[in-house]
Protein chains: 2
Amino acid sequence: MREKLSENTEEKILEAAKEIFVREGKSGARMQEIADKAGINKSLLHYYYRSKEKLFYTVFKFVFSKFAHKIINLFDADKDIFEVIEQFIDNYIDLIRKNPFIPMFIINEINRKETSFVTEVIRETGINIDTYFEFIQRNIDLGKIKAVDPKQLIINILSLCIFPIISRPIVQIILYDDNKNAYDKFLDQRKKEVNEIIFTMIKPN
Amino acid sequence: MREKLSENTEEKILEAAKEIFVREGKSGARMQEIADKAGINKSLLHYYYRSKEKLFYTVFKFVFSKFAHKIINLFDADKDIFEVIEQFIDNYIDLIRKNPFIPMFIINEINRKETSFVTEVIRETGINIDTYFEFIQRNIDLGKIKAVDPKQLIINILSLCIFPIISRPIVQIILYDDNKNAYDKFLDQRKKEVNEIIFTMIKPN
DNA sequence: GTCTATAAATTGATAGAC
DNA sequence: GTCTATCAATTTATAGAC
């Protein structure tokens, strides 16, 4: 019973902390706000996680892991690479659009931390980029795509998908006079745009 | 004399504030740290700028304006569009590489602020996107490039240049085992990569 | 496990002397 | 203009009752 309740609380805290940290950043987040959102007392935060630093670490690992795996996992099977990429772009743009603060949060906090922190998170997260490399190499060997640099390729895809969304608050104003609907259309159109770019660059002559 | 000294102090404050705010973010920056870096007393900060908020506003406008104009100004003259783009990519990647925190700072803070703040900054900054639109349209009319969407085009260029640098701390570890030199080579190579992508997408059949 | 009370440290801001 | 001293508010963290 008690344990059951405890687990519940721990989850509620993590859920609340996630929301606050992601939105406000580590230094902008307040323990009080997290406690309020979790519907508990501030002291309980320290009971479950010794300090703000430790709570942040837990949250960051959780968020990063989930996000990173969503990227990596797509490049597995023996599916057609063009289908995989098309699906990836479609899913990914929608995913970030729904959680626009997540990429910002990750990039932002990673820029503030020492290398050791980042390395540790990556290690614990257990993401494995080799699956992706092999997937690309296999397709090159089969002559399905040109012999492109897989590193440049993945960065191209991520850049073209992520940047328009994290920079939305400025770009929407400058390009579309802050018309939200217009920018949403722009992002929909963007799926085709990114697809075309990537396909053009990798398809054999 | 007094005025001369005053000006000097104000500049020193702005310079220090810029460095701290850009690196630590608004909520992470400390007035004490800014004062220390400027070599003055904390009270003087409040003497020149009434509050942290006002100091931040001044710094943000300054940083954003400088950065935005560097982007816009390149698309002016009657120069060849392919040359302009090539030069832009080359300059821009180097510029961000030297100041990797600036784009993050801008994107980050703009995501935290209300639309009114962003609109105000853009208005005061006086950036004018029309110059760019006209430049592209002229080149389309002349048949120098395909009839691409100028909005997608500029976002493509910026995405491909900025993202690999702001995400460097993660990507360098995942793709290059945290080998700094290797990633620098990657970024140099990237200039060619981005150029090729953009050229391929806009050059007439 | 959860709460109240409170400590201890930090931080933005002001008053007032020079 | 610049500094010292200090306030007032915030914020992380702990002690201790239940």
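Residues numbered from 1 in each chain as written. Chains lettered and ligands numbered in written order. Predicted model: local features only at pLDDT ≥ 70, side-chain atom pairs only at ≥ 80, totals over all residues. Heavy atoms only, no water.

S.K.: Looking at this structure, how should I read the packing of aromatic side chains?
M.R.: Two measures describe an aromatic ring pair: the distance that separates the ring centres and the angle between the ring planes. Tallied over the entire structure, the rule returns 38 aromatic pairs over all chains. Note on Phe56(A) and Phe117(A): the rings are 6.4 Å apart at their centroids and 20 degrees apart in plane angle, and the pair reads as stacked. Placement of Phe56(A) in helix 4 (residues 52-72) and of Phe117(A) in helix 7 (residues 115-125) is noted, with a sequence separation of 61 residues between them. Every member of this aromatic cluster is reached through a ring pair, and the members are Phe21(A), Phe56(A), Tyr57(A), Phe60(A), Phe64(A), Phe105(A) and Phe117(A). Above the plane of the ring of Phe56(B) lies Lys26(B), whose end atom (NZ or CZ) is 5.4 Å from the centre. (Phe/Tyr/Trp six-rings, centres within 6.5 Å; stacked < 30°, edge-to-face > 60°. Helix = DSSP H or I, 4+ residues; strand = E, 2+ residues; numbered from the N terminus. Lys NZ or Arg CZ within 6 Å of the ring centre and 35° of its normal.)

S.K.: For this particular structure, what's the right way to read the relation of the copies chain B and chain A?
M.R.: You can overlay chain B on chain A at an RMSD of 0.1 Å; the transform is a turn of 180 degrees with a shift of 0.0 Å along its axis. A rotation of that kind, with that shift, is consistent with a two-fold axis. Measuring from the rotation axis to each C-alpha of chain B, the shortest distance belongs to Ser159(B), at 2.6 Å. A shared interface surface links the copies, since 100% of the contact residues of chain B are contact residues in chain A too. (Least-squares fit on C-alpha atoms with pLDDT ≥ 70 in both. Contact = heavy atoms within 4.5 Å.)

S.K.: For this particular structure, what's the right way to read the domain arrangement of chain A?
M.R.: Interfaces are often sized by the accessible area lost when the parts come together. Residues and elements named next belong to chain A. As far as domains go, chain A holds domain 1 (1-50) and domain 2 (62-202). When each unit is reduced to the centre of its C-alpha atoms, the spacing between domain 1 and domain 2 is 30 Å. If you look at the interface, domain 1 gives six residues, while domain 2 gives eight residues. Together domain 1 and domain 2 conceal approximately 630 Å² of surface at their shared face, both sides included; 73% is due to carbon and sulfur atoms. Taken as a group, Lys-18, Val-22 and Lys-26 account for 69% of the area that domain 1 buries against domain 2, more than any other trio of residues on that side. Between domain 1 and domain 2 we count zero salt bridges in total. Here domain 1 and domain 2 share one residue pair in polar contact (both at pLDDT 80 or more) between them. (Domains from an automatic or database assignment. Buried area = accessible area lost by both parts, 1.4 Å probe. Salt bridge = Lys/Arg side-chain N within 4 Å of Asp/Glu carboxyl O. Polar contact = N/O pair within 3.5 Å; in protein donor to acceptor, adjacent residues only side chain to side chain.)

S.K.: I'm lost on the environment of Asn205(B) in this one. Help?
M.R.: Residues and elements named next belong to chain B. Relative to the helices and strands, Asn-205 resides in the segment after helix 11 (180-202). Its relative accessible area of 91% is what places Asn-205 among the exposed residues. For the pair Asn-205 and Lys-146, spaced 59 residues apart in the sequence, the C-alpha separation amounts to 8.0 Å. (Buried < 20%, exposed > 50% of the residue type's maximum accessible area, 1.4 Å probe, protein only.)

S.K.: Explain unusual backbone geometry to me, please; I cannot follow it from the model alone.
M.R.: Excluding glycine, residues mostly carry a negative phi; peptide bonds, for their part, are mostly trans. Although it is not a glycine, Asp178(A) adopts a positive phi angle of roughly 60 degrees. Structurally, Asp178(A) is set in the loop between helix 10 (168-176) and helix 11 (180-202).

S.K.: What am I meant to see in the side chain of Gln152(A) here?
M.R.: Tracing the backbone through its elements, the reader meets Gln152(A) in helix 9 (residues 150-166). Using a relative accessible area of 1% as the deciding quantity, one classes Gln152(A) as buried. A distance of 3.4 Å separates the side chain of Gln152(A) from the backbone oxygen of Phe186(B), its partner in a polar contact. Sequence-distant contacts of Gln152(A), that is, excluding residues within four places in its chain, are made with Phe186(B), Gln189(B), Arg190(B) and Glu193(B).

S.K.: Explanation requested: helix 7 of chain A in the structure shown.
M.R.: For an α-helix, 3.6 residues make a turn, and residues three or four places apart therefore share a direction. Within the sequence span of helix 7 of chain A, burial applies to Phe117(A), Val118(A), Val121(A), Ile122(A) and Thr125(A). Buried residues along helix 7 of chain A cover an arc of 130 degrees about the axis, so they all sit on one side. Every exposed residue of helix 7 of chain A that faces more than 90 degrees away from the buried side is listed here: Ser116(A) and Arg123(A). If you follow the buried residues of helix 7 of chain A, they end up packed against helix 4 and helix 6 (101-112) of chain A together with helix 10 (168-176) of chain B. Trailing helix 7 of chain A by a residue or two, Gly126(A) shows a phi angle of about 70 degrees, which is positive. (Arc of directions from axis to C-beta.)

S.K.: Quick question: what am I supposed to make of the pattern of salt bridges here?
M.R.: Working definition: two side chains of opposite charge can pair if their charged atoms are close together. For the coordinates displayed, the defined rule picks out 34 salt bridges over all chains. Between Glu124(A) and Lys61(A) there is a salt bridge, and its shortest N-O distance comes to 2.7 Å. With Glu124(A) in helix 7 and Lys61(A) in helix 4, this pair connects stretches of sequence that are 63 residues apart. Here Glu124(A) falls in the partly exposed class, since its relative accessible area comes to 37%. In this structure Lys61(A) comes out as partly exposed when scored by relative accessible area, which is 23%. In this structure, Glu33(B) and Arg23(B) form a salt bridge, with 3.2 Å as the shortest nitrogen-oxygen distance. On the criterion of sequence distance, the pair formed by Glu33(B) in helix 2 (residues 31-38) and Arg23(B) in helix 1 (residues 2-24) is long-range, its members being 10 residues apart. Here Arg23(B) falls in the partly exposed class, since its relative accessible area comes to 31%.

S.K.: In this structure, what is going on with the interface of chain B and chain A? I would like to understand it.
M.R.: Contact with chain B, which involves 49 residues of that partner, is made by 49 residues of chain A. Regarding the contact of chain B and chain A, the summed buried area is about 4,500 Å², with carbon and sulfur atoms giving 70% of it. Seen at the junction of chain B and chain A, the total is zero salt bridges. Contributing elements (two or more residues each) for the side of chain B that touches chain A: helix 1, helix 6 (101-112), helix 7 (115-125), helix 9 (150-166), helix 10 and helix 11 of chain B. It is helix 9 of chain B that contributes the most residues to the side of chain B that touches chain A, 11 residues altogether. Residues that form the side of chain B that touches chain A fall into these classes: 28 nonpolar, 13 polar and eight charged. (Nonpolar A, V, L, I, M, F, W, Y, C, P; charged D, E, K, R; others polar.)

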